[in-house]
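So the chains spell out like this:
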Amino acid sequence: AFFRDLPHTDFTGYTALDGTTVVAGILVDGQPTKSVTAGMTADIVLQASPFYAESGGQVSDTGELTFHDFRASVLDVTKKDSVWFHSVLVHQGELATGGQVHTSVDVNRRRQIRANHTATHILHKILRDQLGSHVAQRGSLVAPERLRFDFSHGESIPAATLKVIERVANDAVAAALVVDIAEKPINEARELGAMMLFGEKYGDVVRVVSVGGEYSREFCGGTHVANTSEI
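Report follows, based on the coordinates. Being a predicted model, the structure only gives us computed values, none of them experimental. (Residues numbered from 1 in each chain as written. Predicted model: local features only at pLDDT ≥ 70, side-chain atom pairs only at ≥ 80, totals over all residues. Heavy atoms only, no water.)

## Let's talk about the layout of surface pockets
Its boundaries defined by the atoms lining it, the second largest pocket holds a volume of some 280 Å³. Contributing to the lining of the second largest pocket are 15 residues, with Leu 123, Leu 147, Ile 165, Glu 166 and Ala 169 lying nearest its centre. Those elements that provide at least two residues to the lining of the second largest pocket are helix 2 (107–131), strand 13 (147–151) and helix 3 (159–174). Tallied by class, the residues present in the lining of the second largest pocket amount to 13 nonpolar, one polar and one charged. (1 Å grid on protein atoms, 1.4 Å probe; cavity = no way out; pocket = protein on both sides within 12 Å on 5 of 7 lines; lining within 4 Å. Points joined across faces, edges and corners; volume = space filled by probe spheres on them. Helix = DSSP H or I, 4+ residues; strand = E, 2+ residues; numbered from the N terminus. Nonpolar A, V, L, I, M, F, W, Y, C, P; charged D, E, K, R; others polar.)

## A few points about the pairing of strand 13
Where strand 12 (residues 137–142) and strand 13 come together, five bridges link them in antiparallel fashion. Looking across to strand 13, one finds that Leu 141 is bridged to Arg 148. (Pairing = 2+ DSSP bridges.)

## Let's talk about the side chain of Thr 228
Among the structural elements, Thr 228 can be located in the segment after strand 16 (216–219). For Thr 228, a relative accessible area of 0% corresponds to the buried category. A distance of 3.0 Å separates a polar atom in the side chain of Thr 228 from the backbone oxygen of Ala 172. At 2.8 Å, the side chain of Thr 228 forms a polar contact with the backbone nitrogen of Leu 177. (Buried < 20%, exposed > 50% of the residue type's maximum accessible area, 1.4 Å probe, protein only. Polar contact = N/O pair within 3.5 Å; in protein donor to acceptor, adjacent residues only side chain to side chain.)

## Considerations on the pattern of salt bridges
Overall, the coordinates contain six salt bridges when judged by the stated rule. For Asp 61, the salt bridge goes to Arg 110, with nearest N and O atoms at 2.9 Å. Here Asp 61 is found in the loop between strand 6 (48–49) and strand 7 (63–67), whereas its partner Arg 110 is found in helix 2, with 49 residues between them in sequence. On the basis of relative accessible area, Asp 61 is assigned to the buried category, the value being 0%. (Salt bridge = Lys/Arg side-chain N within 4 Å of Asp/Glu carboxyl O.)

## Quick word on the nonpolar core
Grouped together as the largest cluster of nonpolar side chains are 22 residues, with contacts concentrated most on Val 36, Ile 44, Leu 65 and Val 88. When residues of this core are traced back to their parent elements, those giving at least two are strand 2 (18–28), strand 5 (41–46), strand 8 (70–80), strand 9 (83–92) and strand 11 (100–105). Ranked by residue count, the leading element in this core is strand 8, at four residues. Discounting residues that sit within four places of it in the chain, Val 36 has contacts with Ile 26, Val 28, Ala 42, Ile 44, Val 90, Gly 93, Glu 94 and Leu 95. Counting 17 residues, the second largest nonpolar core, distinct from the first, contains Leu 127, Val 179, Val 211 and Cys 220. (Core = buried A, V, L, I, M, F, W, Y, C linked by side-chain atoms within 4.5 Å. Contact = heavy atoms within 4.5 Å.)

## Here we look at unusual backbone geometry
Most peptide bonds take the trans form, and the phi angle of most residues other than glycine is negative. In this structure, His 68 is a non-glycine residue whose phi angle is positive, near 50°. Looking at the element boundaries, His 68 is found in the loop between strand 7 and strand 8. For His 68, a relative accessible area of 77% corresponds to the exposed category. Backbone geometry at Ser 82 places phi at a positive 65°, although glycine is not the residue there.

## Some remarks on helix 2
Relative to the 36 Å expected for 25 residues at 1.5 Å per residue, helix 2 spans 36 Å between its end C-alpha atoms, a close match to the ideal helical length. The distance from a side-chain oxygen at the start of helix 2 to the backbone nitrogen of Asn 108 is 3.3 Å, and the residue carrying that oxygen is Asp 106. (Expected span 1.5 Å × (residues − 1).)

## Here's the deal with the packing of aromatic side chains
Counted by the stated rule, this structure contains four aromatic pairs. Ring centres 5.0 Å apart and planes at 80° place the aromatic pair Phe 11 and Tyr 14 in the edge-to-face group. Measuring from ring centre to ring centre gives 6.0 Å for Phe 149 and Phe 151, while their planes differ by 35°; the resulting arrangement is tilted. Judged by relative accessible area, which is 10%, Phe 149 ranks as buried. Classification of Phe 151 as partly exposed rests on a relative accessible area of 26%. Aromatic rings pair up to connect Phe 11, Tyr 14, Tyr 52 and Trp 84 into one cluster. (Phe/Tyr/Trp six-rings, centres within 6.5 Å; stacked < 30°, edge-to-face > 60°.)

## Examining the side chain of Arg 207
Among the structural elements, Arg 207 can be located in strand 15 (residues 205–211). Buried charge without a partner: Arg 207 forms no salt bridge, and the closest opposite charge is Glu 183, 5.3 Å away. Polar side-chain contacts of Arg 207 include one of 2.6 Å to the backbone oxygen of Gly 222. With residues up to four places along the chain from it excluded, the contact list for Arg 207 reads Tyr 14, Ile 181, Ala 182, Glu 183, Glu 218, Phe 219, Cys 220, Gly 221 and Gly 222. (Lys, Arg positive; Asp, Glu negative; His and termini not counted.)

Honestly, that's just the spatial picture; any functional story needs more than this.
Structural data, given as structure tokens:
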């Protein structure tokens, strides 16, 4: 019943990295509770959140929740049925359901994640160009310190080809390509030639991330740089 009563979280993190919102629910050890105090760990549900919840290979944001004398670290964010669960460690003060709280994402960490996610799209495009259109993403990790891109290919890649891939990727970064993000009906996005990713579920309206116009175009719910030079 508790889960049914929770509102869908309004994700504000595409355009904002902080904000003030209302606490919609608190879970301690999986059980609903009215409040949390210093020293406790909890999962907090907010009406609105700028924190990216782990999905699509991209790790979650971290940061802080504060209000007057209350302070907690946000260590992880997961989502279930459009509800964001913020795993927190409370450092001081008390926070109660229905109370207000200020949200702030770790900006530098988000900046690094964003750069690595756009870099993943560039790498996907170059691998298809260099190795063939059979290359398809089979998984990925987009973290602040690195990216990992899993793909299907029938043989190991020669060292000389890896050098070409690296050079072309660095050229794309240096070319300062504009990254454009738009929400479009799925049929229109398909007609534009946007890449759909293996195993992902898509709704009627999709988010299309275009790097350098037609250079790379993918359906993607992740966060990205505004220009490849930021990478």
